[in-house]
Amino acid sequence: MIRLDASAANALERIAAMNAPSIADLTPRAARLQFDAGYGASQLKQEDVAHTAEDNWGGLRVRIWRGHGAEPNCRALLYLHGGGWVIGGIGSHEDICQRIANRAGAVVVSPEYRLAPETPFPGAIGDCVTVLSHLRRNAAALDVDPARIAVGGDSAGGNLAAVLALLARDGEAPDIAAQLLIYPNTDQAQNSESFQRFGEGCGLTAREMAWFRGHYLRTEADRHDWRAAPLNVASLNGVAPAAVILAGHDVLYSEGAAYAARLTDEGRAAVRCWPGQIHGFLSMSALIPEAVEAAHWLCDTWLDIAP
């Protein structure tokens, strides 16, 4: 078995030393407060970008970053933050968005989609379609190329991005040029090999994933709906090309790898695993240098699969 990278082991030790309660023992409100108070300590100083703006699109707050080197009519990314559909927001993932904007010479847009349990499945999906539609309609005003819009996200955000890509293929959302998936949640069974191997001791736990699912999904039937579990979709043929990042010591590794394999077999995908890394490592740039390496790989691969 491949060992944890030293950086990941150090990050886990620091997290354990904080002695914070598991989010599975908290209310959603308390979990959000705890997460918001702590994420900044694990992230590098935010990068400077060429321009930052905020707006309201369809009743949803969005933040827009234009990276250094972004030319007129540049590519754009709709980035959907992780957090199990319950926690997280624009601020918690701003470092990733800024890094992508600069490295790719792109415009990156991130929305505050509504969170569960106040807005359960499939509410967040509708919000993401709304923002993607606004981005496509207003591409000229934003000085981006409507034919080079991608969707992306990490964890639950990767789940939403994968679903958006499928909706776009089926004509139920605007066309996209690529999908960038970072350790995506693609299944709701929560019984895979990685749930057995990494359900404790590697950051995100199996118990916490059950807590997230319990707040996001309304019924047992939702667990099998491909819009909640895109691994269940009948076919991935015709979906936008994908760049996929996986972490080897991640409770979500097995389902992410299974989805990446299907993307490769049924479409086009570039996949890279950091075998010694943990879930959420791209959001820990101050503790895990591999976070920057992975973000740069994602951007470079995006430019390759969707020039």
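Everything below is about the structure printed above this text.
The following paragraphs examine the structure supplied in this document.

Conventions and cut-offs
- Residues numbered from 1 in each chain as written.
- Predicted model: local features only at pLDDT ≥ 70, side-chain atom pairs only at ≥ 80, totals over all residues.
- Heavy atoms only, no water.
- 1 Å grid on protein atoms, 1.4 Å probe; cavity = no way out; pocket = protein on both sides within 12 Å on 5 of 7 lines; lining within 4 Å.
- Points joined across faces, edges and corners; volume = space filled by probe spheres on them.
- Helix = DSSP H or I, 4+ residues; strand = E, 2+ residues; numbered from the N terminus.
- Nonpolar A, V, L, I, M, F, W, Y, C, P; charged D, E, K, R; others polar.
- Buried < 20%, exposed > 50% of the residue type's maximum accessible area, 1.4 Å probe, protein only.
- Pairing = 2+ DSSP bridges.
- Axes fitted to C-alpha atoms, helices over the stretch in contact; angles between N-to-C directions.
- Left-handed = near helix turned anticlockwise from the far one by under 90°.
- Contact = heavy atoms within 4.5 Å.

With that settled, consider the layout of surface pockets. Space inside the largest pocket adds up to approximately 1200 Å³. Surrounding the largest pocket, 43 residues form its lining, I15, F35, G203, L204 and M284 being those nearest its centre. For the lining of the largest pocket, the elements supplying multiple residues, two or more each, are helix 1 (6-17), helix 2 (28-38) and helix 8 (206-216). Looking at the lining of the largest pocket residue by residue, the classes come out as 20 nonpolar, 18 polar and five charged.

Here strand 2 (residues 60-66) lies mainly inside the structure; six of its seven residues are buried. Across seven bridges, strand 1 (residues 51-57) lies against strand 2 in antiparallel orientation. Residue pairing for strand 2: N56 is matched across the bridge by R61. Where strand 1 hands over to strand 2, the hairpin turn is made up of two residues, of which G58 adopts a positive phi near 60 degrees. Where strand 2 and strand 4 (residues 107-111) come together, five bridges link them in antiparallel fashion. Considered in strand 4, the bridge of I64 is made with V109.

Turning our attention to the packing of helix 4 (residues 123-137) against helix 6 (residues 156-169). Helix 6 packs onto helix 4 with a crossing angle of 65 degrees between their chain directions and a minimal axis gap of 10 Å. Of the two elements, helix 4 crosses helix 6, and the hand of that crossing is right-handed. Contact residues: A124, I125, C128, V129 and L132 in helix 4; L160, V163, L164 and L167 in helix 6. Residue composition of the contact of helix 4 with helix 6, by class: nine nonpolar, no polar and no charged.

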